[in-house]
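Listed below, chain by chain, are the residues.
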Amino acid sequence: MMDVTGGGPLAGVRILAVEQYGAGPFGSMLLADLGAEVIKIEDPAGGDIARHVPPYTGEHDDSVYFQALNRRKKSVAIDTRDPRGRELFLKLVRTADVVYNNLRGDQPAGRGIDYAGLSAVKPEIVCVHVTGFGRHGPHTREPGYDYLMQGYAGWMSITGDPNGPPTKSGLSVVDLAAGIAAGLGMVSALRRADRTGIGCDVDASLYDTAISLLTYVGTWHLTRGYLPKREPDSSHPSQIPSQVLPTKDGWLVVMCAKEKFYRELVSAMDRPDLATDPRFDSFEQRLANRDVLIPLLKEVSALRTTDEWLSRLQGKVPCGPVRSVPEALADPWLRENGNILDFEHPEFGTITTLSSPIRVSGDGPELRRAPFLGEHTVQVLRDDAGLDDAGIEELRAAGVIGGSCT
């Protein structure tokens, strides 16, 4: 791995990403934002399926969904199932630090992109696998999607209104978290490979991620037999009140995680008597009497607007508005803080997207749109696989490589 100080902390790290759709591309995009060179190895016949996800698709194997998950990457279109494509891929492995994939659990070994399949080519290579259910076990051959994992791991049973159906999160949280976990595993394995010269496999399955994120709820159940359930008003299971409250024009979130916050809340509501009432004067009592307390709080909260409550509570009680997505993204601080990014696209015009949450001081890599299918095939095969123009044209004509190979 090269010692490069500019362009982000991962400058000089080369990642070959055999990836598609959400979890894998999100994780590798964060690595690209940190300066890694991420080269997507795509099938010439259509590439990453995210290129075709509606509703905002283009004419040339591209979509706004794809652009949201693949900025700062390169694309090389190679049919790695063809022996000639496999040989090209192995040449690129010799130039890389990481081979990263989010294939079905049985496929990394089957396609020879795990450490067992690549260590002879480069002993220090790190092989990262973002799978559905892992590479071992009874579900290895099953496709894995975020939606399924929220069901498998019990998330849907504790999300939503108690009188409604089991509910998924509004976002693909398992996918996104698995991508972050994979990145953390990757940089840790690279650190060891730098010291020892020996690479390894890194696994971050969606199922493992979803189960691990049960955290305290899972520990409560396993240790004390706690039975989690859906709570009314999106409330915390034990810290009462920590939930949404209705206002005159919307909703307010309050988080009374400490006794002092509850006392400040009822004081601001002009109901100090609710702090001294023995039914509500401790977490335990409020939990036991939540069906009495919460209607009293809702009755008061509905008398004022959300902004009026924020002016009374902010700085005293953890609180916030329940915004719509457009309202959340209209916050002017996001622009000032660099959370919103703009880049130009020849078909979609200006694409406005969201930055990485990871901030590292110093210069970062240049912001670039996500690549067209095969946009960098010629450049990479010339520079790193030693092919000349005649060899590239021969492979293109045979369908071994593809995309924008001109």
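Residues numbered from 1 in each chain as written. Predicted model: local features only at pLDDT ≥ 70, side-chain atom pairs only at ≥ 80, totals over all residues. Heavy atoms only, no water.

## Section: the overall build of the protein chain
Note the following rule: Helix numbering and strand numbering both begin at the N terminus, where a helix is a DSSP run of H or I of at least 4 residues and a strand a DSSP run of E of at least 2. Only protein chains enter the accessibility calculation, which uses a 1.4 Å probe. A residue is then buried if its area is under 20% of the maximum for its type, exposed if over 50%, and partly exposed in between. By definition in these notes, contact holds between two residues if any of their heavy atoms fall within 4.5 Å. Under the convention used here, a 1.4 Å probe and the Shrake-Rupley method define accessible areas, while residue burial counts only the protein chains that appear. Within this scheme the basic residues Lys and Arg register as positive and the acidic residues Asp and Glu register as negative, but His and the chain ends are omitted. Taken as the charge location is NZ of Lys, CZ of Arg, CG of Asp or CD of Glu.
The number of helices and strands found in the protein chain is 18 helices and twelve strands. Oriented by its inertia axes, the alpha-carbon framework of the protein chain measures out at about 85 × 45 × 40 Å. Counting across all 406 residues of the protein chain, residues that qualify as buried make up 46%. Put simply, of all contacts in the protein chain between residues at least 6 apart along the chain, 68% involve residues at least 24 apart. Working note: accessible area of the protein chain is about 20000 Å², and carbon and sulfur atoms make up 55% of it. With 43 positive and 54 negative side-chain charges, the protein chain shows a spacing of 4 Å between the two charge centroids.

## Notes on the pairing of strand β1 (residues 14-18)
One face of the sheet, then the other: side chains in a regular strand alternate in exactly this way. Applied cut-off: At least two bridges found by DSSP between two strands is the condition for calling them paired.
Where burial is concerned, most of β1 is hidden: five out of the five residues are buried. With burial as the criterion, each face of β1 is covered, one bearing R14, L16 and V18 and the other bearing I15 and A17. In this sheet, strand β2 (residues 37-42) lies alongside β1 in parallel orientation, the contact comprising four bridges. Bridging from a neighbouring strand, A17 pairs with K40 of β2. Examined bridge by bridge, β1 and strand β4 (residues 98-101) share four bridges and lie parallel to one another. Its bridge partner lying in β4, L16 is registered against V99.

## Overview of the confidence of the model for the protein chain
As a reminder of what qualifies: A residue's pLDDT is the confidence the predictor assigns to it, expressed on a 0 to 100 scale.
When pLDDT is averaged along the protein chain, the result is 95, and 98% of the positions lie at 70 or above. Confidence over residues 1-5 falls short of pLDDT 50; this stretch has nine contacts with residues more than four positions distant or in other chains.

## What about the sheet that holds strand β7 (residues 242-246)?
To keep it simple, the criterion reads: Whenever a helix is involved, its axis is fitted only over the stretch in contact; in every case the axis is a line through C-alpha atoms, and angles between N-to-C directions fall within 0 to 180 degrees.
Strand order in the open sheet made by the three strands is β7-β8-β9, with antiparallel pairing throughout. This sheet does not close on itself; its edge strands, each paired only once, are β7 and β9 (319-321). Between one strand axis and the next, the sheet turns by 20 degrees as a mean value, whatever way the strands run. Relative to strand β8 (residues 251-255), β7 runs antiparallel, the two being bridged by five bridges. By the bridge assignment for β8, P246 is matched with W251. Sheet strands in contact with helix α14 (residues 306-313) are β8 and β9, and its direction is about 25 degrees off that of β8.

## Overview of the layout of surface pockets
Applicable threshold: Lining residues are those with an atom within 4 Å of a point, where the points come from a 1 Å grid over the protein atoms alone and group into cavities, where a 1.4 Å probe fits but cannot get out, or pockets, open sets with protein on both sides within 12 Å along at least five of seven lines. Grid points are joined across faces, edges and corners, and a volume is the space filled by probe spheres set on the points. Each residue gets one of three labels, nonpolar for Ala, Val, Leu, Ile, Met, Phe, Trp, Tyr, Cys and Pro, charged for Asp, Glu, Lys and Arg, and polar for the others, Gly among them.
Taken as a whole, the largest pocket holds about 1200 Å³ of empty space. What lines the largest pocket is a set of 35 residues, among which A68, L69, L171, L176 and L354 lie closest to the centre. Secondary-structure elements contributing two or more residues to the lining of the largest pocket are α1 (23-33), α2 (64-69), α6 (146-152), α7 (173-196), α15 (325-329) and β11 (349-354). If you tally residues by element for the lining of the largest pocket, the top one is α2, at five residues. Taken together, the residues of the lining of the largest pocket sort by class into 23 nonpolar, eight polar and four charged. If you add up the space inside the second largest pocket, you get close to 640 Å³.

## Quick word on the sheet that holds strand β3 (residues 73-78)
The seven strands lie next to each other as β6-β5-β4-β1-β2-β3-β12, forming an open sheet whose pairing is mixed. Only two strands of the sheet have a single neighbouring strand rather than two, namely β6 (200-203) and β12 (401-402). Inspection of the sheet shows β2 paired to β3 by five bridges, in the parallel sense. Residue pairing in the sheet places I41 in a bridge with V76 of β3.

## Digging into a nonpolar patch on the surface
The line we're drawing: Patch building starts from residues that exceed 30% relative accessible area and form no salt bridge, then joins like charges within 9 Å and nonpolar side chains (Val, Leu, Ile, Met, Phe, Trp, Tyr) within 5 Å. In the sections that follow, a salt bridge refers to a side-chain nitrogen of Lys or Arg positioned within 4 Å of a carboxyl oxygen of Asp or Glu.
Where nonpolar side chains cluster on the molecular surface, the patch consists of Y21, I49, Y65, Y145, L148 and Y152 and spans about 540 Å² of accessible area. Along the chain, Y65 turns up in helix α2.

## What about unusual backbone geometry?
As a rule of thumb, non-glycine residues mostly have phi less than zero, and peptide bonds are mostly trans rather than cis. Cis peptide bonds are those with omega within 30 degrees of zero, and the linkage from P54 to P55 qualifies with 15 degrees. By secondary structure assignment, the location of P55 is in the loop between β2 and α2. The peptide bond linking I240 to P241 adopts the cis configuration, its omega dihedral lying at 0 degrees. Relative to the helices and strands, P241 is located in the loop between α9 (215-224) and β7. Residue Y21 is not a glycine yet carries a positive backbone phi of 65 degrees. Secondary-structure assignment places Y21 in the loop between β1 and α1. In this structure Y21 comes out as partly exposed when scored by relative accessible area, which is 31%. Of note in the backbone geometry, D270 takes a positive phi value of approximately 60 degrees without being a glycine. In this fold, D270 is placed in the loop between α10 (259-268) and α11 (273-276).

## Side note on the packing of α1 against α7
Condition: Under this scheme an angle from 65 to 115 degrees is roughly perpendicular, one under 35 degrees roughly parallel, and one over 145 degrees roughly antiparallel; angles in between are oblique. Left-handed describes a crossing whose near helix is turned anticlockwise from the far helix through less than a right angle; right-handed describes the clockwise counterpart.
Following both chains from N to C, one finds α1 and α7 inclined at 50 degrees, their axes separated by 7 Å at the closest point. In terms of their interaxial angle, α1 and α7 are classed as oblique. As for the relative orientation of α1 and α7, their crossing is right-handed in sense. Residues A23, F26, G27, L30 and L31 of α1 touch α7, and the partners they reach there are D175, L176, G179, I180, G183, M186 and V187. For the contact of α1 with α7, the class distribution of residues is eight nonpolar, three polar and one charged.

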